[in-house]
Amino acid sequence: MAAVIAAQTRVVGMVRGREIDASASVTLDQDTLVLAWQDATPWRLSLSGIEGIAVGGSSLTVYLVRNDVLELSGDDQLRALGLQLLDRACAMPELTRGLKSLGSSRGTPVAAHDRWFAPLLAARRAVEGVSDPARQVMLLDAAALTQDIQRAIAEIAATKAPGDPAEQRAVEAALEEEAAAVFTAIESMGLAGDALRGGALDTRIADWRQWVEIVRGVFAAADDAWTGIAAELR
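Let us look at the structure shown here. Just so we're clear, the structure is a prediction, and the values are computed from it rather than from any experiment.

### A short note on the overall build of the protein
Right, so step 1: The helix and strand tally for the protein stands at seven helices and seven strands.
Right, so step 2: Beginning at the N terminus, the succession of helices and strands in the protein can be written as β-β-β-β-β-β-β-α-α-α-α-α-α-α.
Right, so step 3: Computed over C-alpha atoms, the radius of gyration of the protein comes to 23 Å, more than 25% over the 17 Å expected from 2.2 N^0.38 for 234 residues, which places it beyond the range of a compact globule.
Right, so step 4: For the protein, the spread of C-alpha atoms along the principal axes amounts to about 80 × 30 × 25 Å.
Right, so step 5: Within the protein, the proportion of its 234 residues that are buried is 42%.
Right, so step 6: Across the protein, contacts joining residues at least 24 apart in sequence account for 59% of those joining residues at least 6 apart.
Right, so step 7: Taken as a whole, the protein presents about 12,000 Å² of accessible surface, with 50% of it coming from carbon and sulfur.
Right, so step 8: If you average the places of the 22 positive and of the 32 negative side-chain charges in the protein, the two averages end up 4 Å apart.

What follows is the structure, given as structure tokens:
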């Protein structure tokens, strides 16, 4: 994506106890917001230090750590720059990196392995390329994911004990017990998602980062749970 440059931008605010009121050219360079002053060394603000933004038609408010804030005003290029900043700051990371059980079904039925991880992989595909936090939360709906995993457990149990409803219920109960940590993690994800959608703009990106860590925890819990589920199936 080509960088958006907002020239002739007025920057007003407070950073580390220093009041700012000056003109600058503003650019988003990879993971850094660059403010090039007319008569001073450019400031390079890492996206990791930005906790929230508010985008207007010709303005952009940037909320930094330690309650610092910068008000940028100029032309409509600032809106494009702000949307690009949000796109980069809230790009969904790879959620399955580091999972061990996901890539291996050794010693267990492949169909059961794939069925267990299918809801998570579907959720990952749903948010791929989506950078709007509210839409990400909507796509990773906690209630829907819980239902999908419960359905997967029921289908695995039915395959394990076909034609024996009593045995199916027993297997299903055992698998649900192994998956208890997964359901707890999903519940936490839902609460964090609600907080993100209802939170203030000045902490939106920081809240998003916390939500993402909890989402990672859901995937990690499911990966760990498969060890116990595989043992039950064997």
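### Quick look at helix H6 (residues 180-198)
Right, so step 1: Taking 1.5 Å of rise per residue, the 19 residues of H6 would be expected to cover 27 Å, and the 28 Å separating its terminal C-alpha atoms lies within 8% of that figure.
Right, so step 2: Every buried residue of H6 is accounted for by Val182, Phe183, Ala185, Ile186, Met189, Gly190, Ala192, Gly193 and Leu196.
Right, so step 3: Buried residues along H6 sit against helix H2 (110-127), helix H3 (133-139), helix H4 (142-160), helix H5 (165-178) and helix H7 (204-233).

### Section: the nonpolar core
Right, so step 1: With 67 residues, the main nonpolar core has Leu33, Leu35, Trp116 and Trp211 as its most contacted residues.
Right, so step 2: At 14 residues, H7 tops the list of elements feeding residues into this core.
Right, so step 3: Setting aside its immediate chain neighbours within four residues, tryptophan 211 contacts Met92, Gln136, Val137, Leu140, Met189, Ala192, Gly193 and Leu196.

### Some thoughts on the pairing of strand E4 (residues 43-46)
Right, so step 1: Side chains Trp43 and Leu45 of E4 all project onto a buried face; the interleaved residues Arg44 and Ser46 project onto a face where none is buried.
Right, so step 2: By the bridge criterion, four bridges tie strand E3 (residues 32-37) to E4 in an arrangement that is antiparallel. Bridge pairing in E4 places valine 34 opposite arginine 44.
Right, so step 3: Where E3 folds back onto E4 in an antiparallel hairpin, the turn is made up of five residues.

### Here we look at the pairing of strand E6 (residues 59-64)
Right, so step 1: When strand E5 (residues 50-55) meets E6, the two strands line up antiparallel, connected through five bridges. If you follow glycine 52 over to E6, its bridge partner there is tyrosine 63.
Right, so step 2: From the end of E5 to the start of E6, which pair antiparallel, there are three residues.
Right, so step 3: Alignment of E6 against strand E7 (residues 69-73), held across five bridges, turns out to be antiparallel. Looking across to E7, one finds that threonine 61 is bridged to glutamate 71.
Right, so step 4: Taken together, E6 and the strand that follows it, E7, pair antiparallel across an intervening segment of four residues, in which arginine 66 is found at a positive phi of about 60 degrees.

### Quick look at the packing of H4 against H6
Right, so step 1: Packing of H4 against H6 brings their axes to within 9 Å, and their N-to-C directions diverge by 165 degrees. By the criterion of interaxial angle, the relationship of H4 to H6 is roughly antiparallel. Judged by the sense of rotation from one axis to the other, the crossing of H4 with H6 is right-handed. Residues Ala142, Leu145, Thr146, Ile149, Gln150 and Ile153 of H4 lie in contact with H6, whose contacting residues are Val182, Phe183, Ile186, Met189 and Gly190.
Right, so step 2: Classifying every residue of the contact of H4 with H6 by side-chain character gives eight nonpolar, three polar and no charged.

### Some details on the packing of aromatic side chains
Right, so step 1: Within the structure shown, the criterion is met by two aromatic pairs.
Right, so step 2: Judged by centre distance (5.1 Å) and plane angle (80 degrees), the ring pair of tryptophan 37 and tryptophan 43 falls under edge-to-face.
Right, so step 3: Pairing phenylalanine 117 with tryptophan 226 gives two aromatic rings, centres 6.2 Å apart and planes at 55 degrees, and the pair type is tilted. Pair noted here: phenylalanine 117 is in helix H2 and tryptophan 226 is in helix H7, with a separation of 109 residues, a long-range link.

Calculation criteria
Along every chain, residues carry numbers that run from 1 in the direction the sequence is written. Where local features are concerned, this predicted model is filtered to residues with pLDDT of at least 70; where side-chain atom pairs are given and counted, the filter is 80 or more; whole-chain, interface and lining totals use all residues. The side-chain quantities take in all heavy atoms of the structure and omit both hydrogens and water. Helical segments are the DSSP runs of H or I of at least four residues, strand segments are the runs of E of at least two, and each set is numbered from the N terminus. The atom set for the radius of gyration is the C-alpha atoms, and the globule formula is 2.2 Å times the number of residues raised to the power 0.38. Categorising residues by exposure relies on relative accessible area from a 1.4 Å probe, with only protein chains included: less than 20% of the type maximum marks a residue as buried, more than 50% marks it as exposed, and the intermediate range marks it as partly exposed. For this analysis, residues touch if any pair of their heavy atoms sits within 4.5 Å. Only the protein chains shown count as cover for residues, with accessible areas throughout obtained via the Shrake-Rupley method and a probe of 1.4 Å. His is not counted, nor are the chain ends, whereas Lys and Arg count as positive and Asp and Glu as negative. In this description, the location of a charge corresponds to atom NZ of lysine, CZ of arginine, CG of aspartate or CD of glutamate. How far a helix is expected to stretch is found by multiplying one less than its residue total by 1.5 Å. The definition of a nonpolar core used throughout is a set of buried Ala, Val, Leu, Ile, Met, Phe, Trp, Tyr and Cys residues joined through side-chain atoms within 4.5 Å. One requirement defines pairing of two strands: DSSP has to find at least two bridges between them. Angles here are taken between N-to-C directions and fall from 0 to 180 degrees, while the axes themselves are lines fitted to C-alpha atoms, restricted in helices to the stretch in contact. An angle below 35 degrees is read as roughly parallel, one above 145 as roughly antiparallel, one from 65 to 115 as roughly perpendicular, and any other as oblique. For any helix crossing, the convention is left-handed if the near helix is rotated counterclockwise from the far helix by under a right angle, and right-handed if that rotation is clockwise. As a working rule, the residues Ala, Val, Leu, Ile, Met, Phe, Trp, Tyr, Cys and Pro are called nonpolar, Asp, Glu, Lys and Arg charged, and the rest polar, with Gly in that last group. Stacked, tilted and edge-to-face are the three classes applied to pairs of Phe, Tyr and Trp rings, where Trp contributes its six-membered ring and a pair requires centres within 6.5 Å; stacked means planes under 30 degrees apart, edge-to-face means over 60, and tilted covers the rest.

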